[in-house]
Amino acid sequence: MKKEPFVSREEIEEIVRSHPTPFHLYHEQGIRQTARALQQAFSWNKGFKEYFAVKATPNPRILKILREEGCGVDCSSKTELALSDAVGFRGEEIMFSSNATPAEEYVYAKQLGAIINLDDISHIEFLEKHAGIPEKISCRYNPGGEFTIHNKIMDSPKDAKYGFTKKQMREGFIKLKEKGAKEFGIHAFLASNTLGGEYYPVLARTLFETAVWLQKETGVHIGFINLSGGIGIPYKPDEEPNDISSIGQGVKLAFEEVLVPAGMGDVAIFTELGRYMLGPNGQLVAKVLHIKNTYKDYLGLDACAANLMRPAMYGAYHHITVAGKEGQPAEHKYDVTGSLCENNDKFAVDRMLPEVEIGDYLVIHDTGAHGHAMGYNYNGKLRSAELLLHSDGEVEQIRRAETAADYFATLDYPGLAKGD
Ligand SMILES: *Cc1c(COP(=O)(O)O)cnc(C)c1O
């Protein structure tokens, strides 16, 4: 898929007059279109709802756009719940899919009326003791073994810390029913960043079959099945994007073949997508400060892994465009680096780009999910601003850049400026 910056070099030059680089830029129209295409793909299911995974892009202005598009939120911490509460998400618009959960977070989630998705059978008593058992409840399922599609291993649930075993799901549902729960949900997240379109349909079939079995075994009413996250995006230009409408049709087929004959055609389908919703709708814009020629050629940017951790952490590929040089041949090989005192602080290694000059702006693609959100302060680096490109072309700051005062805010020590 062709990778294009949201803004031209001239537009970047205009933006940096009031918002210096580096910054993450989000594309409002892209976010709305993605949300609408998803809803359209699952419009065959009456109760369908996307619960956006807040951890991917925890900015209230982004959450507000998604709320306007009919999405809920998936939270896994107290601060994510507080953000969602502030944006106006209420009750069952909030899914609480946490693990190793502190008691006070269950209490808060229950107060907000969120749907609680339990990660372990032992959490039933824990939740009962601290917050009480709600009428509507969900349990996270881990089938163990390897999760395969056409004999290709996608991931290894047996090594994942999440979820109930199949036997525990049965036991858990019976226990929850005894304690007053009336409507049940099943959740699973078995593979991350999948392309090719088959992940959701295969996962759905597994969950639907499990749901039919559980309903027979326990007699509970299963109201919803949560396919969670995991639909991927093409980070590389030669990868094909997922076709969300055919994914929706694939899930529908499994629904009609498994749930409908079992008399469970009223089950609502939920999703908790993060990357798919926001990934391609965000870009990190940085400036080239230095060019260094030693055993290799290096570009030194004003952004670093503290602004985008995925390449350093996972060796992840993020496409890079040199703004204003889109048409030029990529004939120069560079390592594109940040300023951390860590040799893995590289946005790209051996990347072919047009010849770069000091002062050029680089657009790093697909940073809208798990980008700014994974930022940190190592080496005293400060997290960047987040900007929103509105549908009318207007650019608005939706989070300011951190200052030294933010970095020092948790210290009480003479001589440390609190004021910037
Ligand atoms: C991270 C996460 C998601 C979102 O995953 P993506 O890969 O961004 O779609 C959804 N649900 C849960 C429980 C998660 O932990």
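Just so it is clear, the model here is predicted, and its values are computed rather than measured.

J.: Help me out: how do you make sense of the site of the ligand in this one?
T.: The immediate surroundings of the ligand are formed by 15 residues, with Lys55, Glu272, Gly274, Arg275 and His370 found nearest. In the environment of the ligand, a nitrogen atom lies 3.2 Å from a nitrogen or oxygen atom belonging to the side chain of Ser228. Here Gly230 contributes a backbone N or O atom positioned 3.1 Å from an oxygen atom of the ligand. For the ligand, the accessible surface in isolation is 390 Å², of which the surrounding protein chains cover 91%. In terms of residue class, the shell around the ligand is built from 3 nonpolar, 7 polar and 5 charged.

J.: Quick question: what am I supposed to make of the side chain of His365 here?
T.: You can see His365 is positioned in the loop between strand E17 (361-364) and strand E18 (385-389). With residues near it in sequence (within four places) discarded, His365 still touches Lys3, Glu4, Pro5, Gly282, Gln283, His318, His319, Ile320 and Thr321.

J.: Help me understand the pattern of salt bridges, please; the structure alone is not making it clear to me.
T.: It is possible for side chains of opposite charge to pair when their charged atoms get near one another. By the definition in use, this model includes 32 salt bridges. Lys78 is the partner of Glu104 in a salt bridge, and the nearest nitrogen-oxygen pair spans 3.5 Å. Taken together, the residues span a long stretch of sequence, with Glu104 in helix H5 (residues 103-112) and Lys78 in helix H4 (residues 78-87) at a distance of 26 residues. A salt bridge links Asp159 to Lys158, with the shortest nitrogen-to-oxygen separation between them at 3.3 Å. Connected through shared salt-bridge partners, Glu28, Arg32, Arg36, Lys64, Glu68 and Glu69 make up one network.

J.: Got a minute to help me understand the packing of aromatic side chains in this structure?
T.: Aromatic ring pairs are defined here through the distance separating the ring centres and the angle between the ring planes. Under the definition given, this model contains 13 aromatic pairs. A ring pair is formed by Phe96 and Tyr106, whose centres lie 6.1 Å apart and whose planes are at 80°; its orientation type is edge-to-face. You can see Phe96 sitting in strand E4 (residues 94-97) and its partner Tyr106 sitting in helix H5, a full 10 residues away along the chain. For Phe96, a relative accessible area of 0% translates into the label buried. Pairing Phe173 with Phe184 gives two aromatic rings, centres 4.7 Å apart and planes at 50°, and the pair type is tilted. Pair noted here: Phe173 is in helix H7 (residues 166-178) and Phe184 is in strand E9 (residues 183-187), with a separation of 11 residues, a long-range link.

J.: Explain the pairing of E18 to me, please; I cannot follow it from the model alone.
T.: On a regular strand, each side chain points to the face opposite its neighbour's, so the side chains alternate between the two faces of the sheet. Judged by how many residues are buried, E18 sits mostly within the fold: 5 of 5 residues are covered. Here 5 bridges tie strand E1 (residues 23-27) to E18, and the two strands are oriented parallel to one another. Each bridged residue has a counterpart across the sheet, and for His27 the counterpart in E18 is Leu389. As defined by bridge partners, E18 adjoins strand E19 (residues 395-399) across 4 bridges and the pair is classed as antiparallel. Its bridge partner lying in E19, Leu389 is registered against Val395. Between the antiparallel neighbours E18 and E19 lie 5 residues, among them Gly393 with a positive phi of about 90°.

Conventions and cut-offs
- Residues numbered from 1 in each chain as written.
- Predicted model: local features only at pLDDT ≥ 70, side-chain atom pairs only at ≥ 80, totals over all residues.
- Heavy atoms only, no water.
- Near = heavy atom within 4 Å.
- Polar contact = N/O pair within 3.5 Å; in protein donor to acceptor, adjacent residues only side chain to side chain.
- Areas by Shrake-Rupley, 256 points an atom, 1.4 Å probe, with all protein chains shown as cover.
- Nonpolar A, V, L, I, M, F, W, Y, C, P; charged D, E, K, R; others polar.
- Helix = DSSP H or I, 4+ residues; strand = E, 2+ residues; numbered from the N terminus.
- Contact = heavy atoms within 4.5 Å.
- Salt bridge = Lys/Arg side-chain N within 4 Å of Asp/Glu carboxyl O.
- Phe/Tyr/Trp six-rings, centres within 6.5 Å; stacked < 30°, edge-to-face > 60°.
- Buried < 20%, exposed > 50% of the residue type's maximum accessible area, 1.4 Å probe, protein only.
- Pairing = 2+ DSSP bridges.

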